[in-house]
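# Coordinates in review
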Amino acid sequence: APTVTVELTRGFSARVEIPVERAATSTVAVLVHDDGTEEIIRASLTTENGVVVTLSNGDTVKIVDNGKYFDDVPDSHWGADAIDFVSSRELFSGTGEAVFSPDTAMSRAMLVTVLARFEGVDTTGGDTWYGAGRQWAMENGISDGANMDQVLTREQLATMLYRYAGSPAADGTITHFSDGDKVSSYAADAMQWAVSHGLIGGMGDNTLNPQGNATRAQVAAILMRFIENFTI
C-alpha cells in the first residue's frame, strides 16, 4: 500500500482523515516505523470517505485491508461487522483455524488480554498466555487478577471498561430495565455509564441480564462501540 507521511508542528498530534475508496470495517492504518517495522493503529476508524486516525508529526502510515475470514461468522451474523473490526485490528484472535466462536462465553483472561493489546502492551510474554494482560490490568486497577479462567459476566465487562475509561461520572439510569435492580452494587455506576453511552443495550426483552455470560461476539460489538466513542 502507498504510504503517507504527516507533517505537523513538532510535539503536536492531530486527528487526520486519510481518503480511501471503498473503505471497509477491516480497513486499518498501519504505522511504519523508521526501522521498517510496522504497527497496526488499533484506534483507526473507517468513515464514508476513508480512515480517521490520530497522528503525530513525522508519522508515516499506510492503509491496508487486514480482514480475517472465519467459517463460523457469515456475513449475515448479527455481529459480523464488530468481529471484522476487532479481528482486523488484531485485538481478538480466532479460537482455531478460521474459527472465531462468536457464541462462546468470554473469560476474564480474554478481556484483560484484549484491553492490554489495545493499550499497546506486548501480550506474547508471561508464564501463561494471559500473564502479560493480567499484570497490566492489575497495575492499572482494571482487575484484581483473580479467577482469570472464570466466565466474564456482562456487569463485569462493563466494570472493566469503566475502570479502563478512568471511572468517569456515572450519568444515566438503568431503572427502566426490568432487571435493573439486579445489577450488583459494585457494577452499578459502570452499568449506568455503559448504558448511557450506548455501549451496552438491553437483550430485546427489556432486560440487561447483568449476571449473564458475555459472549465473544457481544464483547466484540461493545468494544467496537467503545473505541468509536472514546478513543478519537
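Everything below is about the structure shown above.
The structure reproduced in this document is the subject of the present report. Quantities reported herein were computed from a predicted structural model and do not represent experimental measurements. (Residues numbered from 1 in each chain as written. Predicted model: local features only at pLDDT ≥ 70, side-chain atom pairs only at ≥ 80, totals over all residues. Heavy atoms only, no water.)

### A closer look at the packing of aromatic side chains
With the rule as written, the count across this model stands at 10 aromatic pairs. Just above the ring of F85 sits the side chain of R89; from NZ or CZ to the centre is 3.8 Å. One Lys or Arg, R216, reaches over the ring of F100 and ends 4.3 Å from the middle of that ring. (Phe/Tyr/Trp six-rings, centres within 6.5 Å; stacked < 30°, edge-to-face > 60°. Lys NZ or Arg CZ within 6 Å of the ring centre and 35° of its normal.)

### Notes on the nonpolar core
Among the nonpolar cores identified, the biggest contains 54 residues, and F92 and L223 are the most heavily contacted of them. Counting residues per element, the ones that place at least two in this core are helix 1 (80–88), helix 2 (108–119), helix 3 (131–139), helix 4 (154–164), helix 5 (188–196) and helix 6 (216–230). At 9 residues, helix 6 tops the list of elements feeding residues into this core. One finds V20, A29, L31 and I41 within the second-largest nonpolar core, a separate group that totals 11 residues. (Core = buried A, V, L, I, M, F, W, Y, C linked by side-chain atoms within 4.5 Å. Buried < 20%, exposed > 50% of the residue type's maximum accessible area, 1.4 Å probe, protein only. Helix = DSSP H or I, 4+ residues; strand = E, 2+ residues; numbered from the N terminus.)

### Considering the sheet that holds strand 2 (residues 13–19)
Read from one edge of the open sheet, 3 strands run 2-6-5, paired in antiparallel fashion. Edge strands, defined here as strands with exactly one partner in the open sheet, are strand 2 and strand 5 (45–46). (Pairing = 2+ DSSP bridges.)

### What about the packing of helix 2 against helix 6?
The N-to-C vectors of helix 2 and helix 6 enclose an angle of 30°; their axes lie 12 Å apart at closest approach. Taken together, the axes of helix 2 and helix 6 lie roughly parallel to each other. As helix 2 runs across helix 6, the sense of the crossing is right-handed. Here M110, L111, V114, L115 and F118 of helix 2 lie close against helix 6, whose contacting residues are R216, V219, L223 and I227. Among the residues forming the contact of helix 2 with helix 6, the class breakdown is 8 nonpolar, no polar and 1 charged. (Axes fitted to C-alpha atoms, helices over the stretch in contact; angles between N-to-C directions. Parallel < 35°, antiparallel > 145°, perpendicular 65-115°, else oblique. Left-handed = near helix turned anticlockwise from the far one by under 90°. Contact = heavy atoms within 4.5 Å. Nonpolar A, V, L, I, M, F, W, Y, C, P; charged D, E, K, R; others polar.)

### Observations concerning the packing of helix 2 against helix 3
One can describe the packing of helix 2 onto helix 3 by two numbers: an axis separation of 8 Å at closest approach and a directional angle of 80°. The pairing of helix 2 with helix 3 is recorded here as roughly perpendicular in orientation. Contact residues: V112, T113, L115, A116 and E119 in helix 2; G133, R134, W136 and A137 in helix 3. For the contact of helix 2 with helix 3, the residue count by class is 5 nonpolar, 2 polar and 2 charged.

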